[in-house]
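Structural overview for review
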Amino acid sequence: MQQLEAVLSQVKQLEGMIPICSYCHKIRDEKEIWNQMEKYITEHSEATFTHGVCPDCFEKVTKDIGKKIHELDPAGA
């Protein structure tokens, strides 16, 4: 039982309500400071992050880049 209690004391767990911005997804901490979501979760849990691009965002970004290129050079030269 002591071994289990020792392991559980090392576990960081997020719980309760977490105040998050609806637009930029920053999280407000206990000091009323807005932090990037990844930073907040990393500091309050054992989780770490890797980043990638989902198919929907990849499609949107490549379309946006194509539009910008066309705006800069409409003749396609």
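Data block above holds the structure.
What counts and how
- Residues numbered from 1 in each chain as written.
- Predicted model: local features only at pLDDT ≥ 70, side-chain atom pairs only at ≥ 80, totals over all residues.
- Heavy atoms only, no water.
- Helix = DSSP H or I, 4+ residues; strand = E, 2+ residues; numbered from the N terminus.
- Rg over C-alpha atoms; globule rule 2.2 N^0.38 Å.
- Buried < 20%, exposed > 50% of the residue type's maximum accessible area, 1.4 Å probe, protein only.
- Contact = heavy atoms within 4.5 Å.
- Lys, Arg positive; Asp, Glu negative; His and termini not counted.
- Charge placed at Lys NZ, Arg CZ, Asp CG, Glu CD.
- Polar contact = N/O pair within 3.5 Å; in protein donor to acceptor, adjacent residues only side chain to side chain.
- Disulfide = S-S within 2.5 Å.

This part covers the overall build of the protein. Tallying secondary structure elements over the protein gives 3 helices and 2 strands in all. Counting from the amino terminus, helix and strand elements in the protein follow one another as α-β-β-α-α. Radius of gyration (C-alpha) of the protein: 21 Å, far over the 11 Å computed for a compact globule of 77 residues. Looking at the 77 residues of the protein, the share that counts as buried comes to 8%. Across the protein, the fraction of contacts at a sequence separation of at least 24, relative to all contacts at a separation of at least 6, is 24%. Charged side chains of the protein number 9 positive and 13 negative; the gap between the two group centres comes to 6 Å.

Here we come to the environment of K60. By the secondary structure assignment, K60 is in helix α3 (residues 55-72). Along the sequence, K60 and F49 sit 11 residues apart, while their C-alpha atoms lie 23 Å from each other.

Looking at where S45 falls in the secondary structure, it is placed in the loop between α2 (37-44) and α3. What makes S45 buried here is its relative accessible area of 11%. For S45, the side chain forms a polar contact with the main-chain oxygen of I41, separated by 2.6 Å. Within the local environment of S45, its side chain forms a polar contact with the backbone nitrogen of A47, the two atoms lying 3.1 Å apart.

One can find D29 in the loop between β1 (27-28) and β2 (34-35). Of the polar contacts made by the side chain of D29, one reaches the side chain of N35; its length is 3.0 Å. For D29, the contacting residues outside a window of four places in its chain are N35 and Y40.

The next thing to look at is the state of the cysteines. One pass over the structure, following the stated rule, counts 0 disulfides. Unpaired in terms of disulfides, C57 finds its nearest cysteine sulfur in C54, a separation of 3.6 Å.

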